[in-house]
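Summary of structural features
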Amino acid sequence: MLLRGLIRESPQLTGLAECGPSTFGVQTARERAVYNPLDTAQWEFYVLPHPALATLGTDSVSLGAVRAAAGPPVPYPAVGDCIRSADPRPGTTTD
């Protein structure tokens with residue numbers, strides 16, 4: 001699986017610190033009969049700060065690269081907190 005166009009710099013941004021983290025969601029159901037996009041247990045979520053994506057130096061990334069950079073998936077109930085803790089912009093962390 002290749003994820004394209006998610007890492008490109010926006011021309012309106014002046015630096016990496018102005019970009020929030022990226023969240024990747026992967027639907028994991030293997031059988032059509034059990035597929036339910038609203039069942040959060042069927043999803044894996046990965047949160048990466050923008051600088052971590054930028055160090056990959058490309059405008060596309062494989063799911064393997066996301067998993068290697070992000071570590072284990074984040075459970076759905078913790079995604080919001082994980083995004084806030086990974087955001088380098090002032091005033092966005094819960095610390």
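Note: the structure precedes this text.
Just so it is clear, the model here is predicted, and its values are computed rather than measured.

It is worth spelling out the overall build of the protein chain at this point. Along the protein chain, the regular secondary structure elements total 3 helices and 4 strands. Starting at the N terminus and ending at the C terminus, the protein chain contains elements arranged as β-β-β-α-β-α-α. Counting only residues that meet the buried cut, the protein chain has 23% of its 95 residues in that class. A separation of at least 24 residues holds for 60% of the contacts in the protein chain among residues at least 6 apart in sequence.

On to the packing of aromatic side chains, then. Summed over all chains, the structure comprises 2 aromatic pairs. Taken together, the ring pairs in this structure connect Trp43, Phe45 and Tyr76 into an aromatic cluster.

Now for the pairing of strand E2 (residues 22-27). The side-chain alternation of E2 yields one buried face, formed by Ser22, Phe24 and Val26, and one unburied face, formed by Thr23, Gly25 and Gln27. For E2 and strand E3 (residues 43-48), the ladder comprises 6 bridges, and the chain directions are antiparallel. Each residue of the ladder has a partner; that of Val26, found in E3, is Glu44.

Turning our attention to the environment of Ala86. As for its position among the elements, Ala86 is in helix H3 (residues 79-86). We classify Ala86 as buried; its relative accessible area is 17%. Excluding its chain neighbours within four sequence positions, the residues that come into contact with Ala86 are Pro21, Val47 and Pro49.

A separate point is the pattern of salt bridges. Applying the stated criterion across every chain, the model contains 2 salt bridges. The salt bridge involving Glu44 is made with Arg67; its shortest N-O contact spans 2.7 Å. Here Glu44, found in strand E3, pairs with Arg67, found in helix H2 (residues 63-70); they are 23 residues apart in sequence, far enough to count as distant. On the accessibility criterion, Arg67 (36% relative accessible area) is partly exposed. Between Arg84 and Asp81 there is a salt bridge, with its nearest N and O atoms 2.7 Å apart. Of the two residues, Arg84 and Asp81 are both situated in helix H3; the distance of 3 residues between them amounts to about one turn of the helix. By relative accessible area, Asp81 is classed as partly exposed at 48%.

Our focus in this paragraph is the nonpolar core. The biggest cluster of nonpolar side chains holds 8 residues, and these are Phe24, Val26, Tyr46, Leu48, Leu53, Val61, Leu63 and Val66. Of all the elements in the fold, those that place two or more residues in this core are E2, E3 and H2.

Turning our attention to the environment of Thr40. Along the chain, the position of Thr40 falls in the loop between E2 and E3. Taking relative accessible area as the criterion, Thr40 reaches 36% and is therefore assigned partly exposed. Separated by 36 residues in sequence, Thr40 and Tyr76 place their C-alpha atoms 6.4 Å apart.

Parameters at a glance
- Residues numbered from 1 in each chain as written.
- Predicted model: local features only at pLDDT ≥ 70, side-chain atom pairs only at ≥ 80, totals over all residues.
- Heavy atoms only, no water.
- Helix = DSSP H or I, 4+ residues; strand = E, 2+ residues; numbered from the N terminus.
- Buried < 20%, exposed > 50% of the residue type's maximum accessible area, 1.4 Å probe, protein only.
- Contact = heavy atoms within 4.5 Å.
- Phe/Tyr/Trp six-rings, centres within 6.5 Å; stacked < 30°, edge-to-face > 60°.
- Pairing = 2+ DSSP bridges.
- Salt bridge = Lys/Arg side-chain N within 4 Å of Asp/Glu carboxyl O.
- Core = buried A, V, L, I, M, F, W, Y, C linked by side-chain atoms within 4.5 Å.

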